[in-house]
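Architecture and fold: a report
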Amino acid sequence: MKTTMLRKAALMGLSACIGLTGAISAQAQEAKEQYLPSLVYRTGPFAPSGIGFADGFADYVTLINERDGGINGVKIRLEECETGYANDRGVECYERLKDRHGGATVVAPLSTGITYALIPRTRADGITMSTMGYGRADAAYGPVLDNVFMVPTTYWSSTTVVMDYIAEQEGGWENLKGKDIVHAYHDSAYGKEPLGVLRHYAEKYGFTLHEMPISPPGVEQRTVWTQVRRIKPDWISLFGWGVMNPTAIRTASSMGIDVSRMIGGIYAAQDDAVKPAGDDAKGYKAVTFHGPGADYPIYQDLKKHVYDKDLAAGSGDAKGTIAYNRGLINAGYIVEAWRQAQEMSEKGRPSTREETLKAWQSLDIPEARTKELGMGGLMPPVHITCLDHEGPGMALIQQWNGEAWERVTEFRKPNKDLVFPMYKASAEAYAKQEGITPKSCD
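In this report, the structure presented in the accompanying data block is examined. (Residues numbered from 1 in each chain as written. Predicted model: local features only at pLDDT ≥ 70, side-chain atom pairs only at ≥ 80, totals over all residues. Heavy atoms only, no water.)

1. Some remarks on the overall build of the chain
The criterion, for reference: The helix and strand labels rest on DSSP assignments: H or I over at least four residues marks a helix, E over at least two residues marks a strand, and numbering proceeds from the N terminus. Restricting the calculation to C-alpha atoms gives the radius of gyration, and the globule rule supplies 2.2 Å times the number of residues raised to the power 0.38. Relative accessibility thresholds used throughout: buried, under 20% of the residue-type maximum; exposed, over 50%; partly exposed, between the two (1.4 Å probe, protein chains only). Areas reported here follow the Shrake-Rupley algorithm with a probe of radius 1.4 Å; residue values treat only the protein chains shown as occluding. Two residue types count as positive, namely Lys and Arg, and two as negative, namely Asp and Glu; His and chain ends fall outside the count. In this description, the location of a charge corresponds to atom NZ of lysine, CZ of arginine, CG of aspartate or CD of glutamate.
When you go through the chain residue by residue, the secondary structure sums to 15 helices and 14 strands. Compactness check: the chain gives a C-alpha radius of gyration of 24 Å against a globular reference of 22 Å for 442 residues, within 12% of the reference. Along the three orthogonal principal directions, the C-alpha set of the chain runs to about 100 × 50 × 40 Å. Buried positions account for 56% of the 442 residues belonging to the chain. For the chain, the exposed area adds up to about 18400 Å²; of that, 51% sits on carbon and sulfur atoms. Of the charged side chains in the chain, 48 are positive and 54 negative, and the gap between their average positions amounts to 4 Å.

2. Remarks on the sheet that holds strand 8 (residues 235–239)
Short version of the rule: Pairing between strands requires that DSSP locate at least two bridges from one strand to the other. Axis definition: a line fitted to C-alpha atoms, limited for helices to the stretch in contact. Angles are taken between N-to-C directions and run from 0 to 180 degrees. Contact between two residues is taken to exist if any of their heavy atoms lie within 4.5 Å; hydrogens are not considered.
Strands sit in the order 7-6-8-9-10-13-14 across an open sheet of 7 strands; the sheet is mixed. At either margin of the open sheet sits one strand with a lone partner, and together these are strand 7 (208–214) and strand 14 (405–407). Sheet twist, expressed as the average angle between the axes of neighbouring strands with direction ignored, equals 25°. Bridge count for strand 10 (residues 285–288) against strand 13 (residues 396–400) is 4 bridges, and the pairing is antiparallel. Following the sheet pairing, Ala286 is matched in strand 13 by Gln398. Contacting strand 6 (180–186), strand 7, strand 8 and strand 9 (262–264), helix 9 (residues 244–254) runs over the sheet at an angle of about 155° to strand 8.

3. Some remarks on the packing of aromatic side chains
What counts here: We call Phe, Tyr and Trp rings a pair once their centres come within 6.5 Å, taking the six-membered ring for Trp, and we label the pair stacked below 30 degrees between planes, edge-to-face above 60, and tilted otherwise. Only when the NZ of Lys or the CZ of Arg is both within 6 Å of the ring centre and within 35 degrees of the ring normal is a charge said to sit over the ring.
Applying the stated criterion across every chain yields a total of 21 aromatic pairs. Judged by centre distance (4.9 Å) and plane angle (70°), the rings of Tyr41 and Tyr85 are edge-to-face. A residue pair is termed long-range when its members are at least 10 positions apart, and Tyr41 in the loop between strand 1 (33–40) and helix 2 (47–68) and Tyr85 in the loop between strand 2 (75–82) and helix 3 (87–97) qualify at 44 residues. The class of Tyr41 is buried, set by a relative accessible area of 5%. Geometrically, the ring pair formed by Phe149 and Trp360 is tilted, given 5.3 Å between the ring centres and 40° between the ring planes. Of the two residues, Phe149 sits in strand 5 (residues 148–149) while Trp360 sits in helix 13 (residues 353–360), which places them 211 residues apart along the sequence. Among the residues examined, Trp360 registers a relative accessible area of 1% and is labelled buried. Among the aromatic side chains, those forming a connected cluster through ring pairs are Tyr41, Phe46, Tyr85, Tyr155, Tyr190, Phe239, Trp241 and Tyr267. Sitting above the plane of the Tyr430 ring, Arg136 keeps its charged end 4.0 Å from the centroid. Here Arg326 stacks its cationic end above the ring of Tyr267, 5.1 Å away from the centre of that ring.

4. Here's the deal with the pairing of strand 10
Residues Lys285 and Val287 line one face of strand 10 and the alternating positions Ala286 and Thr288 line the opposite face, and both faces are buried. Bridge count between strand 9 and strand 10: 2 bridges; the pairing is parallel. Bridging from a neighbouring strand, Ile263 pairs with Lys285 of strand 10.

5. A word on the packing of helix 3 against helix 4 (residues 112–125)
Let me state the cut-off plainly: Roughly parallel here means an angle under 35 degrees, roughly antiparallel means over 145, roughly perpendicular means 65 to 115, and every remaining angle is called oblique. Crossings are sorted by hand: turned counterclockwise from the far helix by less than a right angle, the near helix makes the crossing left-handed, and turned clockwise it makes it right-handed. In this count, Pro and Cys sit with the nonpolar residues alongside Ala, Val, Leu, Ile, Met, Phe, Trp and Tyr, while Asp, Glu, Lys and Arg are called charged and the others, Gly among them, polar.
One can describe the packing of helix 3 onto helix 4 by two numbers: an axis separation of 8 Å at closest approach and a directional angle of 25°. Judged on the interaxial angle alone, helix 4 and helix 3 are roughly parallel. Here helix 3 and helix 4 pass one another in a crossing that is right-handed. Residues Asn87, Gly90, Val91, Tyr94 and Glu95 of helix 3 lie in contact with helix 4, whose contacting residues are Gly113, Ile114, Ala117, Leu118, Arg121, Thr122 and Asp125. Of the residues that constitute the contact of helix 3 with helix 4, the class distribution is 5 nonpolar, 4 polar and 3 charged.

6. Regarding the packing of helix 2 against helix 12 (residues 322–344)
Where helix 2 contacts helix 12, the two axes come as close as 6 Å, and the packing angle between them is 40°. The angle between helix 2 and helix 12 places the two elements in the oblique class. As helix 2 packs across helix 12, the resulting crossing turns out to be right-handed. On the side of helix 2, the interface is formed by Ser49, Gly52, Phe53, Asp55, Gly56, Phe57, Asp59, Tyr60 and Ile64, while helix 12 contributes Ala323, Tyr324, Arg326, Gly327, Leu328, Asn330, Ala331, Gly332, Ile334, Val335 and Arg339. A breakdown of the residues in the contact of helix 2 with helix 12 according to their chemical character gives 10 nonpolar, 6 polar and 4 charged.

7. Section: the pairing of strand 2
Defined as follows: The handedness rule is simple: strands pointing away from the viewer, and a clockwise path from the first strand over the helix to the second, make the crossover right-handed.
Pairing of strand 1 with strand 2 involves 8 bridges; the strand directions are parallel. Considered in strand 2, the bridge of Val40 is made with Glu82. Handedness of the crossover joining strand 1 and strand 2 through helix 2 is recorded here as right-handed.

8. A look at the pattern of salt bridges
The condition is simple: Should a side-chain nitrogen of Lys or Arg be within 4 Å of a carboxyl oxygen of Asp or Glu, the pair is scored as a salt bridge.
Scanning the model with the defined rule gives 30 salt bridges in all. For Arg339, the salt bridge goes to Glu336, with nearest N and O atoms at 3.0 Å. With Arg339 and Glu336 both in helix 12, this residue pair falls 3 residues apart, about one helical turn. Each member of the pair Arg339 and Glu336 is classed as buried.

Everything listed is a geometric property; what it means functionally is a separate question.
Encoded structure:
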């Protein structure tokens, strides 16, 4: 009996050792991976935009793993969570995924509403937020929301690029006096984002700004565009989202409004804004923060290491679209930040939350590096400081030719002299409201 019990104990001990060894081995294996939760919206009313972005984001991660073997040997584990672009589902995804597989160090919410909901949570958790061209524009002022990054631009900066283009087309800023500019917008916080910038320019240069909220932003907009036609504006700024965009373009065109004098904001610049409008969209312009199309070396690497291996995330019909390219560069910024985090700490080891945040706070991707990544002309260069979480903030104007987007301008610098004091004032007001002590950048 005693011998049997001893044998059982020995077996239990051996089993425990094997189990412990297995657990240690699993942890060691897991420790070689950098975990990246991906909040996506492949379903719901905004899926046409969300699918392309999610595919580009995932395909870039696959490229890094397949072509490079990861970041200095550290492979990226990507896990998607479907939000349907709903705030509550976005929060649920974040809470469910944030501590899995060694813990998330960075998250891209892919929604202004979800961004607002996650700001206090990510601050408490020490997780970096990449809010590429959406979210709180005033997060560009680094001392207040020091874990949030507006790389590579904001609504405010991109609006100054639009106004600079309009002034150029009119032969100079002085020629804007007496002009009429309409801002037709989704009646939400998103649609109102550029109003402060537009009002400043209207007062300074003497044009009349007509603010035209559209609510609900669905398929019936004739009343709004009838008013716009009566105004006979010189230019139109369109800040729509989802089905509102092609409806606005189609309705405006049907009323004889020249859509080549209409310039969409960042989220009226995607393919789903123009393709449903058909021929009515030909000539329409929009501002964006990356190059259009697929004529970049990275697409050759994607073909060889992702598409030809049947490892692509989607059906393949999103390649080269605006949404897909945004997914590529968003993942590109995240990967480069991890690469720089390893340079600052230890190569070949997954970066911690603290190391990831530190890398983002000094993220530097010069133009030469974008070319090395095969994304020269696609990805704008970035340089982040403690004070400035936007960087150069560059954007370009593109135009729809009926089949594809064409670049009208190269990347242009925004009017940072205007927008940065606005970031600072807004962020400091938010800090006072939320009881946040701004960080010192000395």
